[in-house]
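Breakdown of the fold
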Amino acid sequence: MNPQLPIDVNEQTGVWSTDGMPMLYVPRHFFLGNHAAVEAALGRDAYARILYDAGHRSAYHWCNEEAREHRLSGLAVFEHYLKRLSQRGWGLFRLTDADPNAMTARIVLRHSAFVLGQPQGAGKRCYMFAGWFAGAMDWLADQHGCVTRAQCEETQCASEGHAHCEFIVSPIA
């Protein structure tokens, strides 16, 4: 077990948790198989919109809980979020530029689970993360009393032949 990412199992309930947050741990192929099936049934655009909104809410909640659990604040919460995503097998995330006052950030992703697990996929495969990063930035903005909201877009994907995936967070105009 990775000591930097503890997994606790409640002997009474069987619930697994990390950092006090209940978790579900599933094999990558299981998650990606379900993801591909829903995308095929709904269409990529419709599914991407649903995932964006759900991911935004989830990231916002996660940042709130983790800030409290680890006594973190400001940009350190966003950086912790990317660290935990990296430790949980989604890929290796790095915040390369961030200006919370301007509501901007650039996130580089190497070894995305979506690219590694679905090498035959065409187009941008990692769009699910976009809502997560906008949600994390909105949480950060709310901590500073900012009313501007963030948006995020996957601007390049390793599945298209790039060396890495890239996401740009910016304020909603």
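Just so you know, these numbers come straight off a predicted model, no measurement behind them.

**Remarks on the packing of aromatic side chains**
Tallied over the full model, the rule gives 14 aromatic pairs. Ring plane angle 45° and centroid distance 4.8 Å describe the contact between tryptophan 62 and tyrosine 81, whose orientation is recorded as tilted. Taken together, the positions of tryptophan 62 in helix 2 (residues 44–70) and tyrosine 81 in helix 3 (residues 75–87) put the pair 19 residues apart, joining distant regions of the chain. Tryptophan 62 gets classed as buried once you look at its relative accessible area, which sits at 7%. Taking relative accessible area as the criterion, tyrosine 81 reaches 5% and is therefore assigned buried. Ring centres of tryptophan 90 and tryptophan 132 lie 5.2 Å apart, and the angle between their planes is 85°; on these two criteria the pair is classed as edge-to-face. Linking tryptophan 90 in the loop between helix 3 and strand 4 (92–99) with tryptophan 132 in helix 5 (residues 128–143), this pair joins segments that are 42 residues apart in sequence.

**Side note on the sheet that holds strand 3 (residues 21–23)**
Taken in spatial order, the three strands line up as 1-2-3 in an open sheet, and their pairing is antiparallel. One side of each edge strand has no neighbouring strand; the edge strands of this open sheet are strand 1 (8–9) and strand 3.

**What about the nonpolar core?**
In this structure, Phe93, Ile107, Cys126, Phe129, Trp132, Phe133 and Phe167 are the most contacted members of the largest nonpolar core, which totals 41 residues. Contacts of phenylalanine 133, omitting those with residues within four sequence positions, involve Phe78, Leu82, Leu85, Phe93, Ile107, Cys152, Phe167 and Val169.

**Thoughts on the packing of helix 1 (residues 28–42) against helix 2**
Remark: helix 1 packs on helix 2, axes separated minimally by 6 Å, with the N-to-C direction vectors making an angle of 120°. For the element pair helix 1 / helix 2, the angle class is oblique. Here His35, Val38, Glu39 and Leu42 of helix 1 lie close against helix 2, whose contacting residues are Arg44, Ala46, Tyr47, Ile50 and Leu51. Split into classes, the residues belonging to the contact of helix 1 with helix 2 amount to six nonpolar, one polar and two charged.

**Digging into the environment of cysteine 165**
For cysteine 165, the position within the fold is in strand 7 (residues 165–171). C-alpha of cysteine 165 to C-alpha of methionine 128: the two residues are 37 residues apart in sequence and 12 Å apart in space. Setting aside its immediate chain neighbours within four residues, cysteine 165 contacts Ile107, Val108, Leu109, Ser112, Val115, Cys126, Glu154, Gln156, Cys157 and Ala158.

**Comments concerning the sheet that holds strand 5 (residues 104–110)**
Taken together, four strands build an open sheet; the order of strands is 4-5-7-6 and the sheet is antiparallel. What marks the edges here is a single partner per strand, and that holds for strand 4 and strand 6 (150–156). The average angle at which neighbouring strand axes cross in this sheet is 20°, direction not considered. In the sheet, strand 4 pairs with strand 5 via seven bridges, with the strands oriented antiparallel. Residue pairing for strand 5: arginine 94 is matched across the bridge by valine 108. Against the sheet, helix 5 contacts strand 4, strand 5, strand 6 and strand 7, and its axis sits at roughly 145° relative to strand 6.

Reading the values: rules and limits
Residue numbers here run from 1 along each chain, matching the order of that chain's written sequence. Whole-chain, interface and lining totals are the exception, using all residues; otherwise, since this is a predicted model, local features are given only for residues with pLDDT of at least 70 and side-chain atom pairs are given and counted only at 80 or more. As a convention, hydrogens and water are excluded, and side-chain values are obtained from all of the structure's heavy atoms. Centre distance within 6.5 Å is the pairing criterion for rings of Phe, Tyr and Trp, where only the six-membered ring of Trp is used; planes under 30 degrees apart are then read as stacked, over 60 as edge-to-face, and the remainder as tilted. Each helix is a run of H or I in the DSSP string that is no shorter than four residues. Each strand is a run of E no shorter than two, and both are numbered from the N terminus. Note on classification: 1.4 Å probe, protein chains only; a residue is buried when its accessible area is under 20% of the maximum for its type, exposed when over 50%, partly exposed between these limits. Here, a strand pair is defined by DSSP locating no fewer than two bridges between the strands. Grouping buried Ala, Val, Leu, Ile, Met, Phe, Trp, Tyr and Cys residues that are joined through side-chain atoms within 4.5 Å yields what is termed a nonpolar core. In this description, contact between two residues means that some pair of their heavy atoms is separated by no more than 4.5 Å. Between N-to-C directions, angles cover 0 to 180 degrees, with each direction set by a line fitted to C-alpha atoms, over the stretch in contact for helices. Angles are sorted into four bins: roughly parallel if under 35 degrees, roughly antiparallel if over 145, roughly perpendicular if 65 to 115, and oblique for all others. Polar here means any residue outside two lists: the nonpolar Ala, Val, Leu, Ile, Met, Phe, Trp, Tyr, Cys and Pro, and the charged Asp, Glu, Lys and Arg; Gly therefore counts as polar.

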